[in-house]
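# Structural overview
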Amino acid sequence: MIDVCCAIVEYTSPSGGLIVLAAQKARNSHLAGLYEFPGGKIESHEPPTQALHREIQEELGCRIAITDSLPPYEHDYRTHAVRLYPFIARLLPGSWPICREHAALLFLKPARLQQLPWAPADRPILEDYLQQRHIFVSPTNA
């Protein structure tokens, strides 16, 4: 079992609408082309929140403030299993993500996130996030 942390990064756009970061996995990575919430492996000496700050800085070159957490999820990929610790976060003022390790970064309205092809371990986290935020996804948005 590999312990992993991830961030659902929220941002309030200049127009006032909430948007969320989705990161497309790089071509040379496991599950290439699928989307994930950014994050990474938790080292044995780290609490998940500390690992998340480190991973976001390494992967995206930005800083976040963690605002909430969601229940952890386990997923078995057959070659390995992961326990994913999801956190809801906001970008700190003056900090913006840079695409360092992913194929692409997208900011979308929460109701549109389900249109993306998500990595299997991230799908239940997306569903939990949308439910927790009381975001209704209509059939035309799904």
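Bear in mind the structure is a predicted one, so any value in this text is a computation, not a measurement.

Definitions and limits used
Per chain, residues are indexed from 1 in the order of the written sequence. This being a predicted model, a pLDDT of at least 70 is required before a residue's local features are given, and a value of 80 or more before pairs of side-chain atoms are given or counted; all residues contribute to the totals for chains, interfaces and linings. With hydrogens and water stripped out, all remaining heavy atoms of the structure feed into the side-chain values. Numbering of helices and strands runs from the N terminus, with a helix taken as a DSSP run of H or I at least four residues long and a strand as a DSSP run of E at least two residues long. The rule is simple: take the accessible area with a 1.4 Å probe, protein chains only, and divide by the maximum for that residue type; under 20% is buried, over 50% is exposed, in between is partly exposed. Positive charges come from Lys and Arg alone, negative charges from Asp and Glu alone, with His and the N- and C-terminal ends not counted. A side-chain nitrogen of Lys or Arg and a carboxyl oxygen of Asp or Glu constitute a salt bridge if their distance falls within 4 Å. The contact criterion used is simple: two residues touch if any of their non-hydrogen atoms lie within 4.5 Å. Both cavities and pockets are sets of points on a 1 Å grid over the protein atoms alone; in a cavity a 1.4 Å probe fits but cannot get out, in a pocket the set is open with protein on both sides within 12 Å along at least five of seven lines, and lining residues sit with an atom within 4 Å of a point. Grid points are joined across faces, edges and corners, and a volume is the space filled by probe spheres set on the points. Note that Gly is not counted as nonpolar here; it falls among the polar residues with everything else outside the nonpolar set of Ala, Val, Leu, Ile, Met, Phe, Trp, Tyr, Cys and Pro and the charged set of Asp, Glu, Lys and Arg.

## Looking at the side chain of Asp122
Structurally, Asp122 is set in the loop between strand E8 (104-108) and helix H2 (123-132). For the buried Asp122, no salt bridge exists, and the shortest N-O distance to an oppositely charged side chain is 7.0 Å, to Lys25. Not counting residues up to four positions away in its chain, the partners in contact with Asp122 are Glu36, Phe37 and Leu84.

## Considering unusual backbone geometry
Although it is not a glycine, Leu31 adopts a positive phi angle of roughly 65°. Among the secondary structure elements, Leu31 is positioned in the loop between strand E2 (18-24) and strand E3 (35-36). The class of Leu31 is partly exposed, set by a relative accessible area of 24%. If you check the backbone angles, Arg78 has positive phi at about 75° while not being a glycine. Mapping Arg78 onto the fold places it in the loop between strand E6 (73-76) and strand E7 (81-91).

## Digging into the layout of surface pockets
Here the largest pocket defines a volume of roughly 550 Å³. Lining the largest pocket are 26 residues, and of these Val4, Lys25, Glu36, Gly39 and Gly40 sit closest to its centre. Put simply, the parts of the chain that give the lining of the largest pocket at least two residues each are strand E1 (2-12), strand E4 (39-41), helix H1 (48-60) and E7. Counting residues per element, the lining of the largest pocket draws most heavily on E1, at four residues. Grouping the amino acids of the lining of the largest pocket by side-chain chemistry returns 13 nonpolar, six polar and seven charged.

## Looking at the pattern of salt bridges
Within the structure shown, the criterion is met by eight salt bridges. A salt bridge links Glu10 to Arg90, with the shortest nitrogen-to-oxygen separation between them at 3.7 Å. Of this pair, Glu10 sits in strand E1 while Arg90 sits in strand E7; the two residues are 80 residues apart in sequence, bridging distant segments of the chain. With a relative accessible area of 31%, Arg90 lands in the partly exposed category. Taken together, the shared-partner salt bridges connect Glu46, Arg54, Glu55 and Glu58 into one network.

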